[in-house]
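Report on the structure
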Amino acid sequence: MRQSPSRLRPATLAIPGIVVAALALGGCKNGDGSATAAPSKGSETPTASAAPGTPAPTASPTTPAPTGSAAGTRLTVTVRASETSAPKTWTLTCDPVGGTLPRADHACAALAAAAAKGEDPFAPTPKGQMCTQIFGGPQTATVTGTWNGKKVDATFNRKNGCEIKRWGNLVSLFGPVPTAR
C-alpha cells in the first residue's frame, strides 16, 4: 500500500533537520568534550568559548596564568537598552573596590574568579565559532579601561547564543538586562 505524500511530509522535514542539528552540535566540540578554539585576531594565544555547563579552559603552559587578583582594574562600562536609548555609564575599580557601578564588589569578584581560572572575560567569540541563532535582545555594552593591568576595549551584545553567554558571564558588570522605553 502506498503512503500519501501528506503523511510523509513531517518525517521528511524533521529527519534532515535533526541530522543537520546533530552535525552542527557535534562540530562544536573536540574529542575530549571541550570547545574548539581559534586564535583571536591580534592575539598570540588562542581564546576558547565553552558551552554552558562544561569546564572552562585553563591557561596554556606558555602563557602565565593570571594571579586571580583584580588589582589594576579600572573600567568604564556603558550599557544601552537599544540603539536609540540613552546610555547608562558606570565606573569600576577593584582592589580596593570602588566606582559608580552598583554592587561593584560582585563585579570585582566575578573578574577575579575569571582570572583565577585563566579566562579572559573580555575575549571576543572566536572566528568560525558555531553559535545558536537565538536573539536575546537589542541590548549592547562596551567596556574600556584596564583589567589586571591589561588594556580592555570590548563590545557585548545579545544577538546570538555565543554573545548571550558572553553577556551572562559579565552580567554583574551590566546589571539587569535593561529594557527600551
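Above: the structure in question.
Everything quoted here is computed from the prediction, not taken from an experiment.

We now examine the sheet that holds strand 6 (residues 150–158). Spatially, four strands are ordered 4-3-5-6 in an open sheet, and the strand pairing comes out antiparallel. The sheet is open, and its two edges are formed by strand 4 (88–94) and strand 6, each paired on a single side. Each neighbouring strand pair of the sheet contributes to a mean axis angle of 15°, computed without reference to strand direction. Against the sheet, helix 2 (residues 104–116) makes contact with strand 3 (73–80), strand 4 and strand 5 (137–147), and its axis sits at roughly 60° relative to strand 4, the strand it touches most. Sitting on the sheet, helix 3 (residues 161–169) touches strand 3, strand 5 and strand 6, and the angle it makes with strand 6 is about 125°.

Looking now at the state of the cysteines. Going through the model one piece at a time under the given rule, you end up with two disulfides. With its sulfur 1.9 Å from that of its partner, cysteine 94 forms a disulfide with cysteine 108. Disulfide cysteine 94-cysteine 108: the torsion about the S-S bond is -90°, which places it as left-handed. Of the two residues, cysteine 94 sits in strand 4 while cysteine 108 sits in helix 2, which places them 14 residues apart along the sequence.

Moving on, we come to the nonpolar core. Core analysis: the biggest nonpolar cluster contains 23 residues, and Leu92, Phe122, Val143, Phe156, Leu173 and Phe174 have the highest contact counts within it. Taken together, the elements giving at least two residues each to this core come down to strand 3, strand 4, helix 2, strand 5, strand 6 and helix 4 (171–174). Each residue touching phenylalanine 122, except ones within four places of it in the same chain, is listed here: Leu75, Leu111, Val143, Trp147, Val152, Ala154, Phe156, Arg166, Leu170 and Leu173.

Analysis parameters
Residues numbered from 1 in each chain as written. Predicted model: local features only at pLDDT ≥ 70, side-chain atom pairs only at ≥ 80, totals over all residues. Heavy atoms only, no water. Pairing = 2+ DSSP bridges. Helix = DSSP H or I, 4+ residues; strand = E, 2+ residues; numbered from the N terminus. Axes fitted to C-alpha atoms, helices over the stretch in contact; angles between N-to-C directions. Contact = heavy atoms within 4.5 Å. Disulfide = S-S within 2.5 Å. Core = buried A, V, L, I, M, F, W, Y, C linked by side-chain atoms within 4.5 Å. Buried < 20%, exposed > 50% of the residue type's maximum accessible area, 1.4 Å probe, protein only.

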